Amino acid sequence: MKKLLSVLLSAVMIFSAVVPFSALAETKTLGLKEVVTAQVEAKADMLGAMNYLKASTPQTVANSYEVHKFAQAGGDVSEYLTALESNLKANNGKIMARQQGETVDSENLVYYAVAIDILTILGKDVTNFGGYNIKQAFETFAQTNKNVSNPYFYRCIVEACKAIGSDKLARDLIDQMSKSYKVGSGLDNWGYSCDNTSVYVATVAPYKAYYQTNYNDALKLIAGYKKNKGYCYQTTFEENANSTAMALMAYSAAGDFDKAYEAYQLLKNFESDKNNGVFMAADWKTGILGENKLATEDALRALSYFDDAC
C-alpha cells in the first residue's frame, strides 16, 4: 500500500505542478504538498473501505441510501443501474421498493434522489434513463409527498434537487428539516449530537445563504464535540470514528479545508492496522476497538466529501 501511495502521490504532484494553486482547495495553513498527499491517502482509504463493504452492501433500489456512498466515492454501481432500470420497467416509470419494516412496495423521495445523484455523477441523462424521465417523476412525486422518513435522507435528496435545478424543492425540504433544529443545541434526531448536526451542515451547505443563523450555529456546535483523539457523539462520550467522520463531512461540505484536514488526521486514529480504509468502533460489551461496518460506512461517506474538498 505504501508503494501504491508513493506512485499515486508522484502522479498527482506532476499534475498539480501545471495547475494554478488558486484552482485547488483554499487553505490558511496548509501547503500544496499536504493537500495533495491528503487526497491521495483519502482515495486509497475509499478504495479500502469499498472493498471491505462491498459484500455486505447489496446494490438494490431498496438499499439506495447505502449504494449512494459507493457512487460518491467513485465506486462501481453497475449492479444498481441494472436494478434501477428493471424497477422502472416493472412500475411503469415509478421507482418503488420496500424499506425495512414496510410490508408493501411504495415510492420514496430517497429512491428518486439517489437515482438522480448517481446518474448525475456518471454523466447520464436523468430525463431519459432506459426511456424514463426520472427528474419529472421525482418532481411530480415530491409535489404531494415531501415526507422524509429518516432525517439523514435529506442530504442526498437536497443534493439531487441541486443537481436538477429544483432549488425551491430543496429549500422546502431544508425548511422542513430545520423544524427539528434548535439554535444552541443542533439538529434533534433522538437527541442532539455531533452526528446529527454534522448531517445538517452537509445538507444545508449548498443553500447556506438562506440559513446563515442555523448554519453558523451548527458549525460552532460541531467544534465543541472535538476532543484530543477525535470527535464524540455527545460531550459526555468518548471520541469515536463515526462522529469524527461526520465532522469531517461537515467541514468538507462547508469548505473549511483546514478543519476538514484536521478531522481527517483524527479519523486515522480509528483506522484498522490490518486493513487500509477500514475503521474501528468499540464493542459495546468489552469496549475493545474492532473493525466495524457502520464506522467504515460513515468514513466512506465523509471521505468522498473530503476528496471533493481537496
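Refer to the structure above for everything that follows.
The model shown is predicted, which means the values in this text are computed figures rather than measured ones.

**Q** Looking at this model, I keep getting lost on the overall build of the chain. Mind explaining?
**A** A count of helical and extended segments in the chain gives 13 helices and four strands. Computed over the C-alpha atoms, the radius of gyration of the chain is 19 Å, within 12% of the 19 Å expected from 2.2 N^0.38 for a compact globule of 310 residues. Across the 310 residues that make up the chain, the buried fraction comes to 50%. As displayed, the chain has an accessible area near 14,900 Å², and 51% of this comes from carbon and sulfur atoms. In the chain, 30 side chains carry a positive charge and 34 a negative one; their mean positions are 1 Å apart.

**Q** What should I look at first to understand the environment of Lys 124 in this one?
**A** Here Lys 124 shows up in the loop between helix H5 (109-121) and helix H6 (134-144). Taking the C-alpha atoms as reference points, Lys 124 and Asn 216, separated by 92 residues in sequence, lie 35 Å from one another. Setting aside anything within four residues of it in sequence, one finds Lys 124 in contact with Leu 81 and Leu 119.

**Q** Would you mind going over unusual backbone geometry with me for this structure?
**A** Comment: phi is negative for the bulk of residues other than glycine, and the bulk of peptide bonds are trans. Residue Asn 92 is not a glycine yet carries a positive backbone phi of 55 degrees. Of note, Asn 92 is situated in the loop between helix H4 (78-90) and H5. The class of Asn 92 is exposed, set by a relative accessible area of 72%. Positive phi values are uncommon outside glycine, yet Trp 190 reaches one of about 55 degrees. Look at Trp 190 and you get exposed, because its relative accessible area is 85%.

**Q** What exactly am I supposed to notice about helix H7 (residues 153-164) here?
**A** Each α-helix turn comprises 3.6 residues. Residues three or four places apart therefore point the same way. Relative to the 16 Å expected for twelve residues at 1.5 Å per residue, H7 spans 17 Å between its end C-alpha atoms, a close match to the ideal helical length. When H7 is considered as a whole, its buried residues turn out to be Phe 153, Tyr 154, Arg 155, Cys 156, Ile 157, Val 158, Glu 159, Ala 160, Cys 161 and Ile 164. Downstream of H7 by one or two residues, Gly 165 has phi in the positive range, about 80 degrees.

**Q** Is there a simple way to explain the layout of surface pockets in this structure?
**A** Think of a ball as big as a water molecule: rolled over the atoms, this probe shows where empty space is left. The volume enclosed by the largest pocket comes to roughly 380 Å³. Lining the largest pocket we find 16 residues, and of these Glu 239, Asn 240, Phe 270, Ala 282 and Leu 289 sit closest to its centre. Elements that contribute at least two residues to the lining of the largest pocket include exactly helix H11 (241-254), strand E3 (280-282) and helix H13 (293-309). Among the elements that make up the lining of the largest pocket, the one with the highest residue count is E3 (three residues). A breakdown of the residues in the lining of the largest pocket according to their chemical character gives eight nonpolar, five polar and three charged.

**Q** Looking at this structure, I do not really get the packing of helix H2 (residues 32-53) against H13. What am I missing?
**A** How two helices pack is summed up by the angle between their axes together with the distance between the axes. It is at 9 Å that the axes of H2 and H13 come closest, and there the two elements cross at 145 degrees. Crossing of H2 against H13: the hand is left-handed. The residues of H13 that touch H2, namely those facing Ala 38, Gln 39, Ala 42, Lys 43, Asp 45, Met 46, Ala 49, Met 50, Tyr 52 and Leu 53, are Lys 293, Thr 296, Glu 297, Leu 300, Leu 303, Ser 304, Phe 306 and Asp 307. Of the residues assigned to the contact of H2 with H13, the class counts are ten nonpolar, three polar and five charged.

**Q** What is the right way to read H13 from this model?
**A** Taking 1.5 Å per residue as the helical rise, H13 with its 17 residues ought to reach 24 Å, and the 24 Å between its terminal C-alpha atoms agrees with that figure. The element H13 is largely enclosed, with a buried count of 13 among its 17 residues. At the N-terminal boundary of H13, the capping side chain belongs to Asn 292, with an oxygen 3.0 Å from the backbone nitrogen of Leu 294.

**Q** What is the right way to look at the side chain of Ser 252 in this model?
**A** Tracing the chain through its elements places Ser 252 in helix H11. On the basis of relative accessibility, which here comes to 8%, the residue Ser 252 falls in the buried class. Aside from chain neighbours lying at most four places away, what touches Ser 252 is Ala 260, Tyr 305, Phe 306 and Ala 309.

Quick notes on the rules
Residues numbered from 1 in each chain as written. Predicted model: local features only at pLDDT ≥ 70, side-chain atom pairs only at ≥ 80, totals over all residues. Heavy atoms only, no water. Helix = DSSP H or I, 4+ residues; strand = E, 2+ residues; numbered from the N terminus. Rg over C-alpha atoms; globule rule 2.2 N^0.38 Å. Buried < 20%, exposed > 50% of the residue type's maximum accessible area, 1.4 Å probe, protein only. Areas by Shrake-Rupley, 256 points an atom, 1.4 Å probe, with all protein chains shown as cover. Lys, Arg positive; Asp, Glu negative; His and termini not counted. Charge placed at Lys NZ, Arg CZ, Asp CG, Glu CD. Contact = heavy atoms within 4.5 Å. Expected span 1.5 Å × (residues − 1). 1 Å grid on protein atoms, 1.4 Å probe; cavity = no way out; pocket = protein on both sides within 12 Å on 5 of 7 lines; lining within 4 Å. Points joined across faces, edges and corners; volume = space filled by probe spheres on them. Nonpolar A, V, L, I, M, F, W, Y, C, P; charged D, E, K, R; others polar. Axes fitted to C-alpha atoms, helices over the stretch in contact; angles between N-to-C directions. Left-handed = near helix turned anticlockwise from the far one by under 90°. Polar contact = N/O pair within 3.5 Å; in protein donor to acceptor, adjacent residues only side chain to side chain.

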